[in-house]
Amino acid sequence: MSKVFGGWALVQNEEYNTGIKLLQEGIDYFMSVEFGMLHVRRGMLVAGLIAAKRYDEGIAVYREAIQYADNSADQFWNPELHRLQGELLLGSSAPQEEVMESLQKSLTLSRKHGSKLLELRSTVSLCRLWQTQGKLAEAHQLLASIYGWFTEGFDTVDLKEAKALLEELAVEIQ
């Protein structure tokens, strides 16, 4: 577990190559001992590959993660996997319809699972896409509705990112 979290910490500090290597070593170990929740750990690896702009590798790992998740009883992390797929597609210059489809699926699944955090992440990704498409008012309205649900945790990365995007959108709308 220390390799996975150590690798994740390195990715967060923009030490991508070393972090990604540790994440992969941790995942390889968990696979060798048939430890569950591999889709969550692979999702962490996908996020690291996105941060490093290594989209082709990320798509391959995403496919492994979603295949594992689809065959698992634990479907809770699937919204995040679909959000990551949308980010991968966006980074690899895939058609925006494909990106939109992944992000919409992520949003729908996060709502179905009742996970406000995953819904927030999905919404931020979708609103960033809408921002590039000039759908500023729609993006602001959607993001404001989920952001307004939260009553604490405003010092977390996810809520800080959402607030910053809300402020960007508000300025751009005017």
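Residues numbered from 1 in each chain as written. Predicted model: local features only at pLDDT ≥ 70, side-chain atom pairs only at ≥ 80, totals over all residues. Heavy atoms only, no water.

Asker: Explain the side chain of N78 to me, and be specific about the residues and the numbers.
Answerer: Following the sequence through the fold, N78 ends up in helix 5 (residues 78–91). N78 sits in the buried class, given a relative accessible area of 4%. For N78, the contacting residues outside a window of four places in its chain are H39, A69, D70 and L109. (Helix = DSSP H or I, 4+ residues; strand = E, 2+ residues; numbered from the N terminus. Buried < 20%, exposed > 50% of the residue type's maximum accessible area, 1.4 Å probe, protein only. Contact = heavy atoms within 4.5 Å.)

Asker: Tell me what's going on with the environment of V61, and back it up with residues and numbers.
Answerer: Looking at the element boundaries, V61 is found in helix 4 (residues 55–70). On a C-alpha basis, the gap between V61 and R42 in space is 6.6 Å, while along the polypeptide they are 19 residues apart.

Asker: With reference to specific residues and values, describe helix 6 (residues 96–113).
Answerer: Over its 18 residues, helix 6 extends 26 Å from the first C-alpha to the last, a length consistent with the 26 Å expected when each residue adds 1.5 Å. Of all the residues in helix 6, the buried ones are V99, M100, S102, L103, S106, L107, L109 and S110. In this fold, the buried residues of helix 6 make contact with helix 5, helix 7 (116–132) and helix 8 (136–147). Once helix 6 finishes, G114 follows within two positions and takes phi at roughly 70°, a positive value. (Expected span 1.5 Å × (residues − 1).)

Asker: Tell me about the nonpolar core, residues and numbers included.
Answerer: With 26 residues, the main nonpolar core has L23, L45, V46, I50, Y62, L81 and L88 as its most contacted residues. Going through the elements one at a time, helix 1 (2–12), helix 2 (16–32), helix 3 (38–51), helix 4 and helix 5 are the ones with two or more residues in this core. Of all the elements, helix 3 adds the most residues to this core, at eight residues. In this structure, M100, L107, L136 and L143 belong to the second largest nonpolar core, which totals 24 residues. (Core = buried A, V, L, I, M, F, W, Y, C linked by side-chain atoms within 4.5 Å.)

Asker: I'd like a description of the pattern of salt bridges, backed by residues and values.
Answerer: For the coordinates displayed, the defined rule picks out twelve salt bridges. When the shortest N-O distance is used, the salt bridge between K21 and E25 registers 3.3 Å. Here K21 and its partner E25 are both found in helix 2, four residues apart, which amounts to about one turn of the helix. By relative accessible area, which is 27% here, E25 ends up partly exposed. A salt bridge links E80 to R83, with the nearest nitrogen and oxygen atoms 2.9 Å apart. Taken together, the residues span about one helical turn, with E80 and R83 both in helix 5 at a distance of three residues. Exposure class is identical for E80 and R83. Each is buried. (Salt bridge = Lys/Arg side-chain N within 4 Å of Asp/Glu carboxyl O.)

Asker: With reference to specific residues and values, describe the environment of E167.
Answerer: Mapping E167 onto the fold places it in helix 9 (residues 157–173). On the basis of relative accessibility, which here comes to 45%, the residue E167 falls in the partly exposed class. Sequence separation of E167 and I146 is 21 residues, and the distance between their C-alpha atoms is 15 Å.

Asker: Report on the packing of aromatic side chains, specifying residues and quantitative values.
Answerer: For the coordinates displayed, the defined rule picks out three aromatic pairs. Over the aromatic face of F30 sits the side chain of R41, whose NZ or CZ is 5.1 Å from the ring centroid. (Phe/Tyr/Trp six-rings, centres within 6.5 Å; stacked < 30°, edge-to-face > 60°. Lys NZ or Arg CZ within 6 Å of the ring centre and 35° of its normal.)

Asker: A description of the packing of helix 2 against helix 3 should follow, citing residues and the corresponding values.
Answerer: For the pair helix 2 and helix 3, interaxial distance at closest approach is 10 Å and the crossing angle is 165°. Classified by the angle between their axes, helix 2 and helix 3 sit roughly antiparallel to one another. The two elements helix 2 and helix 3 cross, and the hand of that crossing is left-handed. Residue-level contacts link Y16, I20, L23, Q24, I27, F30 and M31 of helix 2 to L38, R41, R42, M44, L45, G48, L49 and A51 of helix 3. Counted by class, the contact of helix 2 with helix 3 contains eleven nonpolar, two polar and two charged residues. (Axes fitted to C-alpha atoms, helices over the stretch in contact; angles between N-to-C directions. Parallel < 35°, antiparallel > 145°, perpendicular 65-115°, else oblique. Left-handed = near helix turned anticlockwise from the far one by under 90°. Nonpolar A, V, L, I, M, F, W, Y, C, P; charged D, E, K, R; others polar.)

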